[in-house]
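For reference, the chains in residue letters:
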Amino acid sequence: MSTTPTASRRFVLILCTLALSCSSGGIAAGDVDAFLHCLGAAVPPRLVHTLGSPSYDATLVSSIRNLRFVAPGTPRPLAIVEAAEASHAQAAVRCGRRHGVRVRARSGGHDYEGLSYLSLDRRERFAVLDLAALCDVRVDAERAEAWVGSGATLGELYYAVGAASGTLAFPAGVCSTVGVGGHISGGGFGTLMRRYGLAADNVLDAVLVDADGRLLNRTAMGEDLFWAIRGGGGESFGVVLSWKLRLVRVPETVTVFTILRPRNQSATDLITKWQEISPAMPRDIILRVVVQSQHAQFESLFLGPCSRLVRLMRARFPELGMTQSDCEEITWIQSTVYFAFYSSSKPLELLLDRGTEPDRYIKAKSDYVQEPIPSHIWESTWAWLEEPDAGLLILDPYGGEMARVSPAATPFPHRKGNLYNLQYYSFWFEHGAQRLEKHLSWVRGLYEEMEPYVSKNPRTGYVNYRDMDLGRNEIEGNVTSYTKGRVWGEMYFKGNFERLAAVKAMVDPHDFFRNEQSIPPLPAAKGWSSI
């Protein structure tokens, strides 16, 4: 099964005219011409489009999911390279290195802070390497493996796996429009993580373009770099074009339920107790919570029949009042539609809908909770959720198989000692600076209020819920400062940050692949014993 677009999908290079050069660092015309000429040696001229082409804006926004980053005045890339094959990505990197144009890669899905396609530094000269067309999914059901392009969405991956087998799955996130490349690069958790771990835990191989434009697989890149790309965040070490995945076994029938409990029907007490129960549940079940307005929504996936799930819930969490009538027995592939669209009856083809343009503004932050938050704190939180500009909270329980893996096995360090991940998520549709400020204030205000009750020293977060409030890189001597990077880096990666920086120094010492929260190279004086 392949989800490759039709042959009409083209490799596109789009160049900003000199009228925009001041917003991209004042790059000289000669540099632009040299960059284009270099690319022209590897890319047919018919695939090069200037700003005057009507395709520029459509291509730029095709993988943007957040209206915050399409506002007038947002710095635009000098060029967008929409790679249709590996050689296009190699050419973009080589030409960028040669002519002083940095490359930011985007895999075609979500990006909370837009760092894969914009720069917060107007002096930065950069091009976007768009991987959305690299979305092949090749499933080998007999070997329970798949090769997937970084430009595929989770929905496209799930659809291909479901079409190949009714008993194979892949453990990754619930949102079908998330890009595979970015998701795996940050670790990637979802409804199967308590049984089969993270998406990154199930990567067997990868194909990457390094800072010299070389095409490397796992053997060629070495185990240190292979370790780093499976959870160390995107755009620091190279451009991963494709991933070889281990598929996992699931029953032909799984069970899901969604139970809504209003605040006035013991929602506070249920959330309070859920904090201790859910992470300790058997690994075949995940029970997550979405808290919005004045209710808590308990959502579950169980790898087994309803009858067993009812017995389990009665024994472990009788207060929720779950009954046989709450159950729905479906296939795993139907469960991906269920969690993405809140209905298992919708067509599977919805998983293939990538969306065409952003339709909302988004701001998110995250925390890890290590001790149950007291009941009275949850009770006070409802006041935040009553506000006119309130967002929602998403609570994803950890534990199970994921927690059995060493925190140093991959860059994702949050496996042990955490009860759950807490995401603060705000979205809105109204334009205007005042609306923006109100929603940002809500997210930041609640995040600040929860500080005493979440992880400390450092207060940690999930890199796939990227948050520029945590800090940004500074440049010293034309490379990213390791000391300044630690401020935000240890929040995402804890003790793994230093090893990530050591890998960076080994594979990209000149810091070609960088953004406002990319991994800085470790200074030579510090060294690293395992490299």
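Anything mentioned here points back to the structure above.
The rules behind the values
- The written sequence of each chain sets the order in which its residues are numbered from 1.
- At least 70 in pLDDT is required for a residue's local features to be given in this predicted model, at least 80 for side-chain atom pairs to be given and counted, and no such filter applies to totals for whole chains, interfaces and linings, which use all residues.
- As a rule here, side-chain values cover all heavy atoms of the structure and leave hydrogens and water aside.
- The definition used for a disulfide is geometric: two cysteine sulfur atoms within 2.5 Å.
- Under the DSSP-based scheme used, a helix requires at least four consecutive residues in state H or I and a strand at least two consecutive residues in state E, with every element numbered from the N terminus.
- Throughout this description, buried means an accessible area under 20% of the type-specific maximum (1.4 Å probe, protein chains only), exposed means over 50%, and partly exposed covers the range between.
- Each pair of aromatic rings taken from Phe, Tyr and Trp, with Trp reduced to its six-membered ring, is defined by centres within 6.5 Å and is described as stacked if the planes are under 30 degrees apart, edge-to-face if over 60, and tilted in the remaining cases.
- For a lysine, the NZ atom is tested; for an arginine, the CZ atom; a charge sits over a ring if that atom is within 6 Å of the ring centre and within 35 degrees of the ring normal.
- For this document, the term salt bridge refers to a Lys or Arg side-chain nitrogen within 4 Å of an Asp or Glu carboxyl oxygen.

## Quick word on the state of the cysteines
Put plainly, a disulfide is one covalent bond tying together the sulfur atoms of two cysteines.
Next, step 1: For the coordinates displayed, the defined rule picks out two disulfides.
Next, step 2: Each sulfur in the disulfide pair Cys38 and Cys95 lies 2.1 Å from the other. The sign of the S-S torsion, about -85 degrees, decides the handedness of the disulfide formed by Cys38 and Cys95: left-handed. Taken together, the residues span a long stretch of sequence, with Cys38 in helix H1 (residues 29-40) and Cys95 in helix H3 (residues 86-99) at a distance of 57 residues. A single burial state applies to Cys38 and to Cys95, both of which are buried.
Next, step 3: Disulfide pairing is shown between Cys306 and Cys327; the S-S distance is 2.2 Å.

## Re the packing of aromatic side chains
Next, step 1: The full count for this structure, using the stated rule, is 23 aromatic pairs.
Next, step 2: On the numbers, 6.4 Å between centres and 40 degrees between planes, the contact of Tyr398 with Phe412 is tilted. In this pair, Tyr398 is assigned in the loop between strand E18 (392-397) and helix H13 (401-404) and Phe412 in the loop between H13 and strand E19 (420-428), connecting sequence segments 14 residues apart.
Next, step 3: An aromatic cluster of three or more residues is present, and its members are Tyr112, Phe189, Tyr368, Tyr398, Phe412, Tyr425, Phe427, Phe429, Tyr462 and Tyr465.
Next, step 4: Over the aromatic face of Phe126 sits the side chain of Arg104, whose NZ or CZ is 5.4 Å from the ring centroid.
Next, step 5: Between the NZ or CZ atom of Arg499 and the centre of the ring of Trp227, over which it lies, the distance is 3.9 Å.

## Description of the pattern of salt bridges
Next, step 1: In this structure the tally under the stated criterion is 39 salt bridges.
Next, step 2: With a shortest N-O distance of 2.6 Å, Arg214 and Asp210 are connected by a salt bridge.
Next, step 3: Overall, Arg214 belongs to the partly exposed group, its relative accessible area being 44%.
Next, step 4: On the basis of relative accessibility, which here comes to 3%, the residue Asp210 falls in the buried class.
Next, step 5: Here Asp224 and Arg499 are joined by a salt bridge, their closest N and O atoms 3.1 Å apart. Residue Asp224 is located in helix H8 (residues 223-229), and its partner Arg499 is located in helix H16 (residues 496-507); the two are separated by 275 residues in the primary sequence. Each member of the pair, Asp224 as well as Arg499, carries the same accessibility label: buried.
Next, step 6: Taken together, the shared-partner salt bridges in this structure form one network comprising Arg68, Glu113, Lys363, Lys365, Arg444, Asp467 and Asp469.

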